[in-house]
Amino acid sequence: MILLDDNKWKELDGGCRIPYDASIPLKRLEQATTTQEIDLVFAELWNELHHQGDIGLASYYSVPHLIRIAKEKKLYDFNVTGLVAVIEIERHSNNPKLPVEFEEEYFNSIHKELPGLIKQMITGTWDLSLTATVLSALAVSKGHIEIASAILKLEDGSALKEFLENY
(Lines give C-alpha, C1' and ligand atoms only; values in the text may rest on other atoms or scores of the structure.)
Protein backbone atom coordinates (compact mmCIF):
# COMPACT_ATOMS: atom_id res chain seq x y z
CA MET A 1 0.00 0.00 0.00
CA ILE A 2 1.33 3.42 -0.84
CA LEU A 3 1.48 5.27 2.45
CA LEU A 4 -0.46 8.51 2.55
CA ASP A 5 2.72 10.54 3.04
CA ASP A 6 4.40 9.09 -0.08
CA ASN A 7 5.19 11.70 -2.78
CA LYS A 8 3.99 9.27 -5.48
CA TRP A 9 0.41 10.49 -4.81
CA LYS A 10 1.30 13.83 -6.43
CA GLU A 11 2.03 12.06 -9.73
CA LEU A 12 -1.17 10.00 -10.00
CA ASP A 13 -4.05 11.06 -12.22
CA GLY A 14 -7.58 11.25 -10.90
CA GLY A 15 -10.82 10.90 -12.82
CA CYS A 16 -10.28 14.13 -14.75
CA ARG A 17 -7.08 12.59 -16.16
CA ILE A 18 -4.89 15.22 -14.49
CA PRO A 19 -2.69 14.76 -11.40
CA TYR A 20 -4.73 14.62 -8.20
CA ASP A 21 -3.16 14.03 -4.80
CA ALA A 22 -5.82 11.87 -3.18
CA SER A 23 -3.68 11.41 -0.07
CA ILE A 24 -4.74 14.86 1.16
CA PRO A 25 -8.49 14.14 1.42
CA LEU A 26 -7.79 10.57 2.57
CA LYS A 27 -5.78 11.99 5.49
CA ARG A 28 -8.64 14.41 6.20
CA LEU A 29 -11.05 11.45 6.17
CA GLU A 30 -8.86 9.64 8.70
CA GLN A 31 -9.02 12.69 10.98
CA ALA A 32 -12.66 13.67 10.38
CA THR A 33 -14.88 13.62 13.45
CA THR A 34 -18.12 15.12 12.17
CA THR A 35 -20.60 14.08 9.50
CA GLN A 36 -20.09 17.44 7.81
CA GLU A 37 -16.31 16.90 7.53
CA ILE A 38 -16.84 13.38 6.18
CA ASP A 39 -19.41 14.58 3.64
CA LEU A 40 -17.05 17.32 2.39
CA VAL A 41 -14.23 14.84 1.92
CA PHE A 42 -16.45 12.43 0.02
CA ALA A 43 -17.82 15.21 -2.18
CA GLU A 44 -14.25 15.95 -3.20
CA LEU A 45 -13.30 12.30 -3.67
CA TRP A 46 -16.37 11.61 -5.85
CA ASN A 47 -15.53 14.67 -7.98
CA GLU A 48 -11.83 13.93 -8.33
CA LEU A 49 -11.59 10.14 -8.46
CA HIS A 50 -14.50 9.55 -10.84
CA HIS A 51 -15.57 11.87 -13.64
CA GLN A 52 -18.20 10.81 -16.18
CA GLY A 53 -16.98 7.22 -16.22
CA ASP A 54 -13.30 8.15 -16.14
CA ILE A 55 -10.99 7.05 -13.35
CA GLY A 56 -7.23 7.21 -12.94
CA LEU A 57 -4.44 5.57 -11.00
CA ALA A 58 -5.20 7.74 -7.96
CA SER A 59 -8.64 6.12 -7.95
CA TYR A 60 -7.17 2.61 -7.79
CA TYR A 61 -4.60 3.49 -5.13
CA SER A 62 -7.33 5.08 -2.99
CA VAL A 63 -9.44 1.92 -2.76
CA PRO A 64 -7.44 0.06 -0.06
CA HIS A 65 -7.27 3.25 2.01
CA LEU A 66 -11.00 3.93 1.69
CA ILE A 67 -11.81 0.42 2.88
CA ARG A 68 -9.22 0.53 5.67
CA ILE A 69 -10.41 3.91 6.94
CA ALA A 70 -14.05 2.83 6.81
CA LYS A 71 -13.30 -0.32 8.80
CA GLU A 72 -11.20 1.52 11.38
CA LYS A 73 -13.71 4.35 11.86
CA LYS A 74 -16.78 2.12 11.50
CA LEU A 75 -17.78 4.47 8.71
CA TYR A 76 -20.81 2.69 7.31
CA ASP A 77 -21.66 5.17 4.61
CA PHE A 78 -22.94 4.76 1.06
CA ASN A 79 -20.04 6.93 -0.11
CA VAL A 80 -17.49 4.26 0.80
CA THR A 81 -19.23 1.28 -0.76
CA GLY A 82 -20.50 3.34 -3.67
CA LEU A 83 -17.18 4.92 -4.59
CA VAL A 84 -15.29 1.64 -4.28
CA ALA A 85 -17.91 -0.14 -6.39
CA VAL A 86 -17.88 2.57 -9.06
CA ILE A 87 -14.07 2.53 -9.28
CA GLU A 88 -14.05 -1.25 -9.72
CA ILE A 89 -16.91 -1.14 -12.26
CA GLU A 90 -15.19 1.58 -14.29
CA ARG A 91 -11.85 -0.26 -14.16
CA HIS A 92 -13.45 -2.63 -16.69
CA SER A 93 -14.24 0.23 -19.10
CA ASN A 94 -11.92 2.35 -21.18
CA ASN A 95 -9.72 3.41 -18.25
CA PRO A 96 -6.06 3.01 -17.33
CA LYS A 97 -4.87 -0.49 -16.66
CA LEU A 98 -4.23 -1.44 -13.06
CA PRO A 99 -0.44 -1.43 -12.51
CA VAL A 100 0.88 -5.00 -12.23
CA GLU A 101 2.84 -4.17 -9.08
CA PHE A 102 -0.38 -3.06 -7.38
CA GLU A 103 -2.68 -5.89 -8.53
CA GLU A 104 -2.24 -8.15 -5.49
CA GLU A 105 -2.97 -5.38 -3.00
CA TYR A 106 -5.87 -3.97 -5.00
CA PHE A 107 -7.54 -7.34 -5.55
CA ASN A 108 -7.04 -8.27 -1.89
CA SER A 109 -8.84 -5.07 -0.89
CA ILE A 110 -11.70 -5.77 -3.34
CA HIS A 111 -12.08 -9.52 -2.76
CA LYS A 112 -11.24 -9.83 0.96
CA GLU A 113 -11.29 -6.48 2.75
CA LEU A 114 -14.45 -5.14 1.10
CA PRO A 115 -16.57 -8.18 2.12
CA GLY A 116 -15.12 -7.77 5.63
CA LEU A 117 -16.34 -4.18 5.70
CA ILE A 118 -19.77 -5.26 4.45
CA LYS A 119 -19.90 -7.90 7.18
CA GLN A 120 -19.27 -5.17 9.76
CA MET A 121 -22.16 -3.16 8.30
CA ILE A 122 -24.70 -5.97 8.12
CA THR A 123 -26.61 -5.30 11.36
CA GLY A 124 -27.03 -1.57 10.83
CA THR A 125 -29.99 0.30 9.39
CA TRP A 126 -29.79 0.83 5.63
CA ASP A 127 -31.62 3.32 3.46
CA LEU A 128 -32.05 2.71 -0.29
CA SER A 129 -28.70 4.34 -1.18
CA LEU A 130 -26.72 2.29 1.30
CA THR A 131 -28.57 -0.90 0.30
CA ALA A 132 -27.84 -0.36 -3.39
CA THR A 133 -24.18 0.52 -2.88
CA VAL A 134 -23.55 -2.35 -0.44
CA LEU A 135 -25.17 -4.85 -2.83
CA SER A 136 -23.15 -3.41 -5.70
CA ALA A 137 -19.94 -3.55 -3.66
CA LEU A 138 -20.68 -7.16 -2.72
CA ALA A 139 -21.21 -7.98 -6.40
CA VAL A 140 -17.87 -6.41 -7.42
CA SER A 141 -16.13 -8.26 -4.58
CA LYS A 142 -17.34 -11.48 -6.18
CA GLY A 143 -16.39 -10.39 -9.71
CA HIS A 144 -19.93 -9.71 -10.96
CA ILE A 145 -19.32 -6.35 -12.58
CA GLU A 146 -22.41 -6.12 -14.80
CA ILE A 147 -24.84 -6.91 -12.00
CA ALA A 148 -23.00 -4.44 -9.75
CA SER A 149 -23.51 -1.74 -12.37
CA ALA A 150 -27.19 -2.65 -12.79
CA ILE A 151 -27.78 -2.49 -9.04
CA LEU A 152 -26.32 1.02 -8.86
CA LYS A 153 -28.59 2.12 -11.70
CA LEU A 154 -31.61 0.82 -9.78
CA GLU A 155 -30.81 3.12 -6.85
CA ASP A 156 -32.74 5.77 -8.76
CA GLY A 157 -36.32 5.33 -7.54
CA SER A 158 -37.85 5.87 -10.98
CA ALA A 159 -35.49 3.35 -12.61
CA LEU A 160 -36.36 0.81 -9.91
CA LYS A 161 -40.08 1.43 -10.36
CA GLU A 162 -39.79 1.09 -14.15
CA PHE A 163 -37.80 -2.13 -13.76
CA LEU A 164 -40.38 -3.62 -11.41
CA GLU A 165 -43.24 -2.65 -13.74
CA ASN A 166 -41.55 -4.32 -16.71
CA TYR A 167 -40.23 -7.46 -15.03
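Check the entry above for the structure.
Please read these numbers as outputs of a predicted model, since none were measured by experiment.

Reading the values: rules and limits
Residues numbered from 1 in each chain as written. Predicted model: local features only at pLDDT ≥ 70, side-chain atom pairs only at ≥ 80, totals over all residues. Heavy atoms only, no water. Helix = DSSP H or I, 4+ residues; strand = E, 2+ residues; numbered from the N terminus. Rg over C-alpha atoms; globule rule 2.2 N^0.38 Å. Buried < 20%, exposed > 50% of the residue type's maximum accessible area, 1.4 Å probe, protein only. Contact = heavy atoms within 4.5 Å. Lys, Arg positive; Asp, Glu negative; His and termini not counted. Charge placed at Lys NZ, Arg CZ, Asp CG, Glu CD. Axes fitted to C-alpha atoms, helices over the stretch in contact; angles between N-to-C directions. Parallel < 35°, antiparallel > 145°, perpendicular 65-115°, else oblique. Left-handed = near helix turned anticlockwise from the far one by under 90°. Salt bridge = Lys/Arg side-chain N within 4 Å of Asp/Glu carboxyl O.

1. A short note on the overall build of the protein
For the protein, the helix and strand inventory stands at 8 helices and 0 strands. Its C-alpha atoms give the protein a radius of gyration of 15 Å, within 12% of the compact-globule value 15 Å for 167 residues. By principal-axis analysis of the C-alpha atoms, the protein measures approximately 50 × 35 × 25 Å. Buried positions account for 46% of the 167 residues belonging to the protein. Sequence-distant contacts, at least 24 apart, represent 69% of the contacts inside the protein between residues at least 6 apart. Positive and negative charge centroids in the protein, built from 16 and 26 side chains respectively, lie 5 Å apart.

2. A few points about the packing of helix H4 (residues 78-91) against helix H7 (residues 145-153)
Running from N to C, H4 and H7 point in directions that differ by 130°, and their axes come no closer than 10 Å. Classified by the angle their axes make, H4 and H7 are oblique. The interaxial crossing formed by H4 with H7 has left-handed handedness. Judged by residue contacts, Ala85, Val86, Glu88 and Ile89 of H4 engage Ile145, Ala148, Ser149 and Leu152 from H7.

3. Structural notes on unusual backbone geometry
Phi is positive for Arg17, close to 65°, though the residue is something other than glycine. The partly exposed category is assigned to Arg17, whose relative accessible area is 36%. Positive phi outside glycine occurs at Lys74, with the angle close to 55°. As for its position among the elements, Lys74 is in the loop between helix H3 (57-73) and H4. The class of Lys74 is exposed, set by a relative accessible area of 55%.

4. Focus: the environment of Ser23
Here Ser23 lies in helix H1 (residues 23-31). Between the C-alpha atom of Ser23 and that of Leu4, which follows or precedes it by 19 residues, the distance is 5.1 Å. Not counting chain neighbours up to four residues away, the residues in contact with Ser23 comprise Leu4 and Trp9.

5. A closer look at the environment of Glu146
Along the chain, Glu146 falls in helix H7. Here Glu146 falls in the exposed class, since its relative accessible area comes to 74%. When the C-alpha positions of Glu146 and Asn94 are compared, they lie 15 Å apart, and in sequence the two are 52 residues distant.

6. Some thoughts on the pattern of salt bridges
Where side chains of opposite charge bring their charged atoms close, a pairing between them can arise. Inspection of the entire model under this criterion finds 6 salt bridges. A salt bridge links Arg17 to Asp54; its shortest N-O distance comes to 3.4 Å. Of this pair, Arg17 sits in the segment before H1 while Asp54 sits in the loop between helix H2 (35-49) and H3; the two residues are 37 residues apart in sequence, bridging distant segments of the chain. The exposure class of Asp54 is partly exposed, given its relative accessible area of 26%. Between Glu30 and Arg68 there is a salt bridge, with its nearest N and O atoms 2.9 Å apart. Of this pair, Glu30 sits in helix H1 while Arg68 is found in helix H3, placing the two residues 38 residues apart along the sequence. Residue classification places Glu30 among the partly exposed residues on the basis of a relative accessible area of 28%. Because the salt bridges share partners, they merge into one network encompassing Glu30, Arg68 and Glu72.

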